[in-house]
Amino acid sequence: MPELPEVEGAARYLDAHIAGRTLRAVAWLHPSLQRGTALHADALVGQRVERVRRVAKWQEILFVDGAVMVVHFRMTGDWAVTTRATAPTYARAHFTFSGGRHLWLVDPRALSRIEVRQPGVLSSNVRVGPDALDPALDADSLRARLSTRRIPIKQALLDQSVVAGIGNIYAAEALWKARIHPAAPASQLSRARVARLLDGVRWTMGLALAQMGRHQYGTATDRFSVYDREGEPCPTCGTRIARITQGQRSTYFCRRCQRS
DNA sequence: TATGGCCTGTGG
DNA sequence: CCACAGGCCATA
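Computed from a predicted structure; not experimentally measured.

Scoring rules and cut-offs
- Residues numbered from 1 in each chain as written.
- Chains lettered and ligands numbered in written order.
- Predicted model: local features only at pLDDT ≥ 70, side-chain atom pairs only at ≥ 80, totals over all residues.
- Heavy atoms only, no water.
- Salt bridge = Lys/Arg side-chain N within 4 Å of Asp/Glu carboxyl O.
- Helix = DSSP H or I, 4+ residues; strand = E, 2+ residues; numbered from the N terminus.
- Buried < 20%, exposed > 50% of the residue type's maximum accessible area, 1.4 Å probe, protein only.
- Near = heavy atom within 4 Å.
- Polar contact = N/O pair within 3.5 Å; in protein donor to acceptor, adjacent residues only side chain to side chain.
- Nonpolar A, V, L, I, M, F, W, Y, C, P; charged D, E, K, R; others polar.
- Pairing = 2+ DSSP bridges.
- Axes fitted to C-alpha atoms, helices over the stretch in contact; angles between N-to-C directions.
- Domains from an automatic or database assignment.
- Buried area = accessible area lost by both parts, 1.4 Å probe.

This part covers the pattern of salt bridges. Within the structure shown, the criterion is met by 10 salt bridges. With a closest N to O distance of 3.6 Å, Arg-223 and Glu-6 form a salt bridge. A residue pair is termed long-range when its members are at least 10 positions apart, and Arg-223 in the loop between helix 7 (191-211) and strand 9 (242-246) and Glu-6 in helix 1 (residues 4-18) qualify at 217 residues. Judged by its relative accessible area of 25%, Arg-223 falls in the partly exposed class. Residue class for Glu-6 comes out buried when judged on its relative accessible area of 4%. Among the ionic pairs, Arg-117 bridges to Glu-60, the shortest N-O distance being 3.5 Å. Separated by 57 residues along the polypeptide, Arg-117 in strand 8 (residues 113-117) and Glu-60 in strand 3 (residues 58-63) bring together distant segments of the chain. Look at Arg-117 and you get partly exposed, because its relative accessible area is 22%. Under the relative-accessibility criterion, Glu-60 is labelled buried at 7%.

Listed below in structure tokens is the structure:
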């Protein structure tokens, strides 16, 4: 569920809690996490965390000896840190760290994924495009990346190999901000429109990041302009916000402000 | 490029 | 009961 800003917030939160600490124990609390990952995790016990960083929508927990635990929250993952060993509701994995810190992967749908990499071992590589907030990504390069995609712009934004970090909410928000119709063919956007879109992506994610100071998402729906607001007035023009389905996902937009 | 599946929960 | 959920992967 988390997109770039939420994952960034989660990674910072995690870094603040476990950087410098030593992993003491690992337990998998859901069968979906027990396939494959459990074996390698044992090797991490006894090792110290160097830091935690975000890569696209992944979090990488870097250990001082070079091992890496990679976590993807998918739709509903989140962290909880406690000082007691009592599992929160929907806890799917349990990590005990030195200093009496307990880290829980909390995920009602249990779609989160965890991989462990040893130094020098490359994981099954996922192709990800440039980070949405990468300053090196400009309108021309984004337009070039979109130019071959024969799909609607909304769906292209969700494709992590085009740009990394955007999800269903911020795709809708950015398109609204940029006044671009979500069904517009990705390959046919003018340079000016792509520039506006990139601004929209950064504006909407920058806002979210600023609010993210303290790793919380899921509550305030009022921070969105169109997402999950079908039938409510567009903040710009008052037109009722529409919902359509694109690639099995809901898209919210304003028919008046966002034209093809 | 489009689809079903992964999982479980919530709300209409 | 059904639709839908801030994601991604394997498959056709």
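Moving on, there is more to tell.
Before going further, it helps to spend a moment on the protein's contact with DNA strand B. Contacts to DNA strand B come from His-30, Ser-32, Arg-35, Tyr-90, Arg-92, Pro-108, Arg-109, Leu-111, Arg-149, Arg-150, Ile-151 and Gln-248. Backbone atoms, meaning sugar and phosphate, form 77% of the atoms of DNA strand B found within 4 Å of the protein. One of the backbone N or O atoms of Pro-108 is found 3.4 Å from a sugar or linking oxygen in DNA strand B. Within the side chain of Arg-109, one N or O atom sits 2.9 Å away from a base oxygen of DNA strand B. Residues belonging to the surface near DNA strand B are distributed by class as follows: 4 nonpolar, 3 polar and 5 charged.

On to the sheet that holds strand 6 (residues 91-97). One open sheet holds the 4 strands; their spatial order is 1-6-7-5, and the pairing between them is antiparallel. Across the chains shown, the open sheet's two edge strands, defined by having one partner strand only, are strand 1 (23-28) and strand 5 (78-82). Adjacent strand axes in the sheet meet at a mean angle of 20° when their direction is disregarded.

Another point: the pairing of strand 3. In terms of burial, strand 3 is largely enclosed, as 6 of its 6 residues are buried. Here strand 3 shows a buried face lined by Trp-58, Glu-60 and Leu-62 and a second buried face lined by Gln-59, Ile-61 and Phe-63. As defined by bridge partners, strand 2 (residues 49-55) adjoins strand 3 across 6 bridges and the pair is classed as antiparallel. Residue pairing in the sheet places Arg-51 in a bridge with Leu-62 of strand 3. Two successive antiparallel strands, strand 2 and strand 3, enclose a turn made up of 2 residues, where Ala-56 displays a positive phi of approximately 55°. Of the strand pairs in this sheet, strand 3 and strand 4 (residues 68-72) are connected by 5 bridges, and their pairing is antiparallel. The partner of Leu-62 across the bridge, within strand 4, is Val-68. Taking the residues that link successive antiparallel strands as the turn, the strand 3-strand 4 hairpin has 4 residues, and the phi of Gly-66 there is positive, at about 105°.

This next bit is on the domain arrangement of chain A. Segmentation of chain A into domains returns domain 1 (4-117) and domain 2 (139-254). Of the roughly 1100 Å² buried where domain 1 meets domain 2, counting both sides, 66% is carbon and sulfur surface. Between the two partners, domain 1 and domain 2, sit 1 salt bridge. For the pair domain 1 and domain 2, the number of links is 3 residue pairs in polar contact (both at pLDDT 80 or more). Put simply, the parts of the chain that give the side of domain 1 that touches domain 2 at least two residues each are helix 1 and strand 5. Ranked by residues supplied to the side of domain 1 that touches domain 2, first place goes to helix 1 with 8 residues. Grouping the constituent residues of the side of domain 1 that touches domain 2 by class yields 8 nonpolar, 2 polar and 5 charged.

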